[in-house]
Amino acid sequence: MDNFEWHIRSLVLRFIESLLKLYPPRFRHEFYSEIQKVILCRLRDAEQTGQWPCAVVHEIAGLVPSIIQERWHDLGFRKETMMIIANEKPGWFFYLGWVALNAIAVIMAWYITWAIMPLVTERGEGTRLLDLLFPIIGLLTGILQYILLRRYLPHMGWWIAATFLGWLMPFVWFFIFSRVVIPGSSTVRIVLGMSVLGTTVALPQWWLLRKRVQHAWWWVLFFGLAWGMVGLYDLWNPPDLFPVLLGFAVVLAIATSIACWLLLDRLPNHELSSRTSSQ
Amino acid sequence: MEAQDYLPLTETSFFILLSLATTPKHGYGIIKDVELMSTGRVVLAAGTLYTALRRMLEDGWIERLEDENPNQESRERKLYMLSDLGRQIFQLETKRLQSMVRLTRTRLNERQ
């Protein structure tokens with residue numbers, strides 16, 4: 001084999017290698033080394049019979065439709081598995097981490113807000129604490145929740161944006177519905193008002209979740225309930241906002257971790273067992 | 001799905017099942033066997049073979065085994081064998097083809 005021929009052959013082999021890399025990851029993981037070995041064996045045998053060029057053309061002609069077919073199949077598979085049924089279930093570490101990180105995010109947001117507050121108020125007079133606190137909570141919880149969730153719900157990059165947007169919803173709510181009157185005593189009004197606010201905060205996240213898990217509305221429900229529960233602070237009349245915020249952080253973290261358990265573990269398991277029993 | 005629902009088979013699927021009907025084989029073993037059986041008429045490309053094998057594995061027609069006697073060459077390879085469902089499908093398809101051949105012969109004999 002002369003030098004030119006050797007170069008051509010190595011070029012062809014590299015081309016085949018790069019074609020093989022076009023297979024979807026799931027297929028590659030299963031068959032890459034096998035298929036590569038089979039092609040090499042085939043080309044080696046064809047070389048001995050002088051049919052190397054024919055074998056190359058034949059293999060490439062076989063690879064192209066196969067790659068398209070596998071890509072198409074993978075699209076369908078990904079669509080199916082977007083709704084998780086028997087995916088990896090989170091362990092206790094996830095729930096512990098979830099509660100801790102969510103609570104920490106709210107407390108961190110509190111201190112960051114107070115640190116930033118003087119800088120902002122210097123420029124714009126009358127900035128309220130909540131105007132800064134809520135967006136910062138949204139950003140921090142979004143990032144921390146995403147870090148935990150991505151293992152169980154892949155391709156959830158929009159989660160951070162959805163959480164951030166969600167925490168801006170109370171401002172939208174106040175802007176549009178500031179004159180809505182909820183009847184009852186002040187505590188009832190606060191609880192109901194907080195529940196409604198909590199529900200609106202959870203809406204952008206629900207929008208993402210509904211494509212990925214079944215019964216995603218549980219997320220909104222638990223969010224609303226948690227916010228409503230925090231509204232009970234009115235019964236104790238706390239002197240300071242920080243204990244309320246602390247309670248809020250813990251209640252919300254626990255409520256959303258229960259929602260996570262329902263959506264990622266309990267409901268998929270239930271779905272799976274009912275499917276198995278019906279077969 | 002019942003075995004009947006998968007019929008009729010494509011030629012590629014039929015030859016792969018036929019190749020695996022006797023003994024488990026490696027990917028390249030299947031290619032060579034199919035080429036030999038069809039006297040060179042059907043030469044499976046690796047891509048075609050593995051797409052078919054993936055589908056058959058997913059549908060439960062075949063099973064994948066670790067090679068018990070791996071050598072330097074077959075270290076990366078797996079053996080494929082027919083599952084019960086695959087064998088059932090293969091037998092049904094064979095019966096279907098047989099009945100078609102019988103029918104064709106009868107009809108042609110009637111005309112002659």
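Residues numbered from 1 in each chain as written. Chains lettered and ligands numbered in written order. Predicted model: local features only at pLDDT ≥ 70, side-chain atom pairs only at ≥ 80, totals over all residues.

**Quick notes on the overall build of chain A**
The following threshold applies: Runs of E in the DSSP output that reach at least two residues are strands. Runs of H or I that reach at least four are helices, and both are numbered from the N terminus. We call a residue exposed when 12 or fewer other C-beta atoms sit within 10 Å of its C-beta, buried when the count reaches 20 or more, and partly exposed for counts in between; the C-beta positions come from the backbone. We call two residues in contact whenever the C-beta atoms placed from their backbones are within 7 Å.
In terms of helices and strands, chain A carries 10 helices and zero strands. Secondary structure elements of chain A occur, N-terminal to C-terminal, as α-α-α-α-α-α-α-α-α-α. Across the 279 residues of chain A, 28% fall into the buried class. Considering only contacts in chain A between residues 6 or more positions apart, those separated by 24 or more positions represent 72%.

**Some points on the interface of chain A and chain B**
Put simply, the rule is: Classes in brief: Ala, Val, Leu, Ile, Met, Phe, Trp, Tyr, Cys and Pro nonpolar; Asp, Glu, Lys and Arg charged; the others, Gly included, polar.
Taken together, the contacts link 19 residues of chain A with 14 residues of chain B. Mapped onto the side of chain A that touches chain B, the elements with two or more residues apiece are helix H2 (25-48) and helix H3 (52-82) of chain A. Counting residues per element, the side of chain A that touches chain B draws most heavily on H2(A), at 10 residues. Residue classes in the side of chain A that touches chain B are distributed as nine nonpolar, five polar and five charged.

**Comments concerning the nonpolar core**
Just so we agree on the cut-off: Each nonpolar core consists of buried Ala, Val, Leu, Ile, Met, Phe, Trp, Tyr and Cys residues. Their C-beta atoms, within 7 Å, join them into a set.
One finds Ile137(A), Trp219(A) and Phe223(A) to be the most contacted residues of the largest nonpolar core, which totals 40 residues. Per-element accounting of this core gives the leading share, 10 residues, to helix H10 (residues 241-278) of chain A. Residues within four places of Ile137(A) in sequence aside, it is in contact with Ala105(A), Val106(A), Ala109(A) and Trp167(A). With 33 residues, the next largest nonpolar core counts Phe15(B), Ile30(B), Ala45(B) and Tyr80(B) among its residues.

**Here's the deal with the packing of H2(A) against helix H3 (residues 46-59) of chain B**
Defined as follows: Only C-alpha atoms enter the line fits that serve as axes; for helices the fit covers just the stretch in contact. Angles between N-to-C directions range over 0 to 180 degrees. Two helices that cross are described as forming a left-handed crossing if the nearer one is turned anticlockwise from the farther one by less than a right angle, and a right-handed crossing if clockwise.
At a minimum axis distance of 10 Å, the contact between H2(A) and H3(B) shows a crossing angle of 145°. Seen along the crossing, H2(A) lies across H3(B) with a hand that is right-handed. Seen from H2(A), the contacting residues are Phe27(A), Phe31(A), Ile35(A), Val38(A), Ile39(A) and Arg42(A); seen from H3(B), they are Ala46(B), Tyr50(B) and Arg54(B). Across the contact of H2(A) with H3(B), the residue classes tally to seven nonpolar, no polar and two charged.

**Looking at unusual backbone geometry**
Residues and elements named next belong to chain B. The omega torsion across Leu 7 and Pro 8 is -5°, close enough to zero to call that bond cis. Along the chain, Pro 8 turns up in the segment before helix H1 (11-20). Notably, Thr 39 is not glycine yet its phi reads approximately 45°, a positive angle.

**A word on the confidence of the model for chain A**
Heads up, the condition is: Confidence scores here are pLDDT values: one per residue, from the predictor, ranging 0 to 100.
Mean pLDDT over chain A stands at 81; residues scoring 70 or higher make up 83%. Model confidence for chain A, summarised as mean pLDDT per element, is weakest for helix H9 (residues 233-236) of chain A at 69 and strongest for H2(A) at 90.

**Quick notes on the environment of Trp219(A)**
Residue and element names in this part refer to chain A. Within the secondary structure, Trp 219 sits in helix H8 (residues 217-230). Classification of Trp 219 as buried rests on a count of 23 C-beta atoms within 10 Å. Trp 219 sits 13 residues away from Trp 206 along the chain, and the two C-alpha atoms are 6.6 Å apart. Other than its neighbours up to four places away in sequence, Trp 219 contacts Ala 202, Gln 205, Trp 206, Leu 209, Ala 259 and Leu 263.

**Digging into the packing of H2(A) against helix H2 (residues 27-37) of chain B**
Heads up, the rule is: Note on angle classes: values under 35 degrees are labelled roughly parallel, values over 145 roughly antiparallel, values of 65 to 115 roughly perpendicular, and the remainder oblique.
Viewed as axis vectors pointing N to C, H2(A) and H2(B) meet at an angle of 45°, and their least axial separation amounts to 9 Å. One way to sum up the angle between H2(A) and H2(B) is to call them oblique. Touching Glu34(A), Val38(A), Cys41(A) and Arg42(A) of H2(A) are Gly27(B), Tyr28(B) and Ile31(B), all from H2(B). Of the residues contributing to the contact of H2(A) with H2(B), the split by class is four nonpolar, one polar and two charged.

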